[in-house]
Amino acid sequence: MLSNHPLYYLSVNAAHNDDYHSRATEAMTVEPCEQNGNTYTYRLAGYQGSVSVQCLPFDQNTCESITTVYNSGEESLVLDRISSGYIAGIGRGGKPFDQKRFVLHTCDSSWQGEGQWRSGYIEDFGVYPTYNHNTQRAWRIGSVGSWTTCRHYPMIMLEDTELGETWYFEIATSSSWFIEVSVGGYRGDLWLDVLLSGCHDRHDGWYYELQPGQNYTAPLAIYGKVKGGFEEAVTALNTYKRARMKRAFPGGKIPVCFNDYMNCLWALPTKEKLIPLIDAAAGVGCEYFVIDAGWFGEDEDWSGGLGDYDQNDALFGEGGFDGILRYIRQKGMLPGCWLEVESVVAGTKVLDRIPNARLTRHGKVIGKTRAFLDFRNPEVCKHVFSIFERLYNKGIRFIKNDYNQNIGIGIDGELGQASPEELRRNQEAFMALIDRVCAAFPDLVIENCSSGCMRADHASEKHFYMQSVSDQEYYERMPSVVQGLVACMPPERVGIWGYPYPVAIDHRVSFVPSPEFSAQFADGHNTVFNMVQTMPGAIYLSGHIDCADEQNLALMREAIDLYKQNRDLIAKAHPVYPTGLCRMADKGILSLGMQEEQSGVLMLSIWKTGKEQSTAINLSKYVGEHATLQTVYPARAANAVTLQGSTLTVEFPDCDSAVWCKIVRSTK
């Protein structure tokens, strides 16, 4: 850093009209600052007020940054911009930052295309010096609204190839945010600055009028530095996030789930369809069976029941919905179901009881067909709590809570119309409700889903047990998604779809099981690829496994048995990338390892998506020069996998298109 105390970025009363990050804002501070432990307080120049920056060390690598503005005067202050984290002076001295010194790592996202990391030198992202004065070049990413990860994950890394160390930065907020990397300094003395903010008028129109005697705290920022590169930074961040998760799994075990949605029933459940799936899921070792959307409503348009969630017993024959839940329990599994509790449609009973239940912008209800509930309203919270309570009393022990829309730039409230700050308040009120539900029903697992992974920021995810990974339908595109997302959140929290015997959504209505359909997958390649896909995180099995033959069912059982034997290790392991990060369209041999350092275990998933027939992977970085190959999945591929020293060789032609290996570091 440039100084021995933290910095901040602030604009008050429209005093700064720049649209780029400039160190000129430091003129608002009056030196020296006051230090009390880990809190640094600055007086505001020209105003009766102050800014405090708390830098709370988590460990030797990672720090939390909390920035608060205080108004001690007699007039209000209109806050235009506040930094959550402001880290300055990166790369000062040594080789110039724009001469292939710093590699920027950033993670792109989209529906069905989450976790797509890309890397490049910072100058290739458009950050470079211009003239002798303050350079106006910067690179920015961000998100507007409540889908916080629909374009980018709110985290970046700056790898300093000269010093062999990597900086990492993340902002923890469930509403709008942005991160900026810019050039600081003057003439030949130049460096990089990183700004993290959820409060910035030039990003989404944010502002806050701070009344006399009040204070305002910006969203949390997380940052740190490690020796090493991308893998070491991921390990540091995941170590931090594991410690900050609010939920521990019931029984201390990562659950193994079957969900009937992806490449399976596609929200069209009936008793006739469910019973064979329940039998098959129980037979391969699943512990939860989750009925996705379509279990409620009064007709085929089940979305008309969003908000009330009245079960449609007519779908489930004698005994109705409750009968299906009992059958799941009889098969030794815990039942679950789908909700989208933040959404509501017109005509539901809840809107008759709570007239002001929906969010508005400029006085208009947000959303044409699906609107959003207002969790700042205590009656809304009471209603939603009652939904969870009713389902829990029926025996439901898993909720897939979906979130399929983005609220947008702001909502109406006490601060005026279309305020981004009110959006943040609503999001925090919803997360507080989830905390109350989890406290009341501690054995109810609640998953955070959002059209896959569109709201997967740490501020949201830490309130839930798990995060749905993606709605990606083509299994050969999934390795890149899995690779990317276990770098963003603890792997055991990442619910990964595996769907042997897939049925495309195009055929959701017309599909009828047949011998011809089952015969397509007789060789087991599809099953093995999908099972290997799930094993680095939490297994979300799906697909029409009721159509599987005994050989493929045995492959599923084999994988799930191995997973259960190793899931305690997964909950302590960190992702590693022996063949590098891949992108969704990449063809070749791809891999993802889960390394548990204390035991010396490396669990390695390898997929073949191209024409290559063999690969040799150097694992010396992870297991030393000598290691033992302990387990290979599928067992029938054991002869095609060899380990000599630290080199793992896989021959694919005579086995499957994917393998999973457990390798143990030698103690010699």
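Please read all numbers here as calculations on a predicted model, not as lab measurements.

Can you help me understand the packing of aromatic side chains in this one?
Aromatic ring pairs are defined here through the distance separating the ring centres and the angle between the ring planes. Summed over the entire model, instances satisfying the criterion amount to 32 aromatic pairs. Judged by centre distance (5.7 Å) and plane angle (85 degrees), the ring pair of phenylalanine 296 and tryptophan 302 falls under edge-to-face. Measuring from ring centre to ring centre gives 6.3 Å for tyrosine 501 and phenylalanine 517, while their planes differ by 55 degrees; the resulting arrangement is tilted. Of the two residues, tyrosine 501 is situated in the loop between strand S31 (494-498) and helix H11 (515-519) and phenylalanine 517 in helix H11; the sequence distance between them amounts to 16 residues. Each member of the pair, tyrosine 501 as well as phenylalanine 517, is classed as buried. In textbook terms, an aromatic cluster arises when at least three aromatic residues are bridged by ring pairs, as seen for Trp295, Phe296, Trp302, Tyr309, Phe316, Phe321 and Trp338. Here arginine 493 stacks its cationic end above the ring of phenylalanine 249, 4.6 Å away from the centre of that ring.

Help me understand the sheet that holds strand S10 (residues 138-143), please; the structure alone is not making it clear to me.
What holds strands together in a sheet is hydrogen bonding between their backbones, with the strands either parallel or antiparallel. Here we have four strands laid out as an open sheet, ordered S7-S14-S13-S10, and antiparallel in their pairing. Two strands lie at the open edges of the sheet, namely strand S7 (85-90) and S10, each paired on one side alone. The average undirected angle you get between the axes of adjacent strands in this sheet is 15 degrees. As paired elements, strand S13 (residues 177-186) and strand S14 (residues 189-197) share nine bridges and run antiparallel to each other. Residue pairing in the sheet places valine 181 in a bridge with valine 194 of S14.

Can you walk me through the confidence of the model for the protein chain in this structure?
Low pLDDT means the predicted atomic positions in that stretch should not be read closely. In this model, the protein chain carries an average pLDDT of 93, and 96% of its residues clear a pLDDT of 70 or more. Here residues 22-30 scores under 50 on pLDDT; set against residues more than four positions off or in separate chains, the count is 30 contacts.

Would you explain the sheet that holds strand S35 (residues 601-608) in this entry?
Taken in spatial order, the five strands make up an open sheet running S33-S34-S35-S40-S37, and their pairing is antiparallel. Both outer strands of the open sheet, strand S33 (574-576) and strand S37 (627-633), are each paired with one neighbouring strand and no more. Ignoring which end each strand starts from, the neighbouring axes of this sheet average 25 degrees apart. Where S35 meets strand S40 (residues 658-665), seven bridges bridge the pair, whose relative direction is antiparallel.

What counts as what
- Residues numbered from 1 in each chain as written.
- Predicted model: local features only at pLDDT ≥ 70, side-chain atom pairs only at ≥ 80, totals over all residues.
- Heavy atoms only, no water.
- Phe/Tyr/Trp six-rings, centres within 6.5 Å; stacked < 30°, edge-to-face > 60°.
- Helix = DSSP H or I, 4+ residues; strand = E, 2+ residues; numbered from the N terminus.
- Buried < 20%, exposed > 50% of the residue type's maximum accessible area, 1.4 Å probe, protein only.
- Lys NZ or Arg CZ within 6 Å of the ring centre and 35° of its normal.
- Pairing = 2+ DSSP bridges.
- Axes fitted to C-alpha atoms, helices over the stretch in contact; angles between N-to-C directions.
- pLDDT = per-residue confidence, 0-100.
- Contact = heavy atoms within 4.5 Å.

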